[in-house]
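Per-entry structural report
Chain by chain, the residues:
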Amino acid sequence: MTNVSLLGLVLVTTVACSNASSAGADGGVDRGSFADPRAAICPPPDAMTAPVSYDKIQQIFTDNCIACHDVGGNDGGPALDLRNGVSWTNLVNQPAPAPDMCGVTLVVPGDSNDSYLYQKLASAAPCYGAQMPKGEFYSMPLPACVLTMVDMWITEGAPGMAMDGGGN
C-alpha cells in the first residue's frame, strides 16, 4: 500500500469515526451505539424494580462464567463451580476459596457490599485478582444492568430455586 493510499484510508476512517460519534455532526440524530449482547438478559429499565429470580442469575453464570467455573478446579481452573444445580449452594453463605478469600463470604444474603461475588463482578480492583469475568487477555466487565440484577438478587436475600438447594 502506498503512503498516499494509507493516508487516505486513515483520513476517511478518522472522519467517519469522528462524525459517527458526534451528535452535532449528524444533526443530533442518535445513530445507535455498540450494545453489549450480554445485556440482552436485562429487563427494560422500568421493570428493574421487579424481584430477580435465581434462574436469571444462573443464566448470567451460564453465559459468562462456567467456561472457567465449571467442575471445581479440575485442570488447574478456578475452584468455584457455578454450574446449574450446584451454584447456589456453592455461593450463598460460603467463604471465598483460597487464595483470593480476603476474609469474606461469597454471597451474604441481603448485603451485596459484603458479598465477594459482587465485589469481583463490580469492582475494577477487587481485594484479590482481577475483575470478573475475564476474557482471553483482560477483564470483560459485565454491563451495568447485569450488575444491577446481581446486586438486587443479593439485596433481596439471594433466593434460590428449590432444585438448586435454595428453596427460599
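Above this text you will find the structure in question.
Residues numbered from 1 in each chain as written. Predicted model: local features only at pLDDT ≥ 70, side-chain atom pairs only at ≥ 80, totals over all residues. Heavy atoms only, no water.

1. Comments concerning the state of the cysteines
Scanning the model with the defined rule gives two disulfides in all. Between the sulfur atoms of Cys42 and its disulfide mate Cys145 the distance is 2.0 Å. Disulfide Cys42-Cys145: torsion about the S-S bond near 80°, hence right-handed. Taken together, the residues span a long stretch of sequence, with Cys42 in the loop between α1 (3–20) and α2 (54–64) and Cys145 in helix α5 (residues 144–155) at a distance of 103 residues. Classification of Cys145 as partly exposed rests on a relative accessible area of 23%. Covalent S-S linkage joins Cys102 and Cys127, the inter-sulfur distance amounting to 1.9 Å. (Disulfide = S-S within 2.5 Å. Helix = DSSP H or I, 4+ residues; strand = E, 2+ residues; numbered from the N terminus. Buried < 20%, exposed > 50% of the residue type's maximum accessible area, 1.4 Å probe, protein only.)

2. Focus: the packing of aromatic side chains
Applying the stated rule across the entire model yields one aromatic pair. Their ring planes at 45° and their centres at 5.3 Å tell us that Tyr54 and Trp153 sit as a pair that is tilted. Separated by 99 residues along the polypeptide, Tyr54 in helix α2 and Trp153 in helix α5 bring together distant segments of the chain. When its relative accessible area of 0% is taken as the criterion, Trp153 is described as buried. (Phe/Tyr/Trp six-rings, centres within 6.5 Å; stacked < 30°, edge-to-face > 60°.)

3. What about the side chain of Gln131?
Examined against the element boundaries, Gln131 turns out to sit in the loop between α4 (116–122) and α5. In this structure the side chain of Gln131 is engaged in a polar contact, spanning 2.8 Å, whose partner is the backbone oxygen of Leu121. (Polar contact = N/O pair within 3.5 Å; in protein donor to acceptor, adjacent residues only side chain to side chain.)

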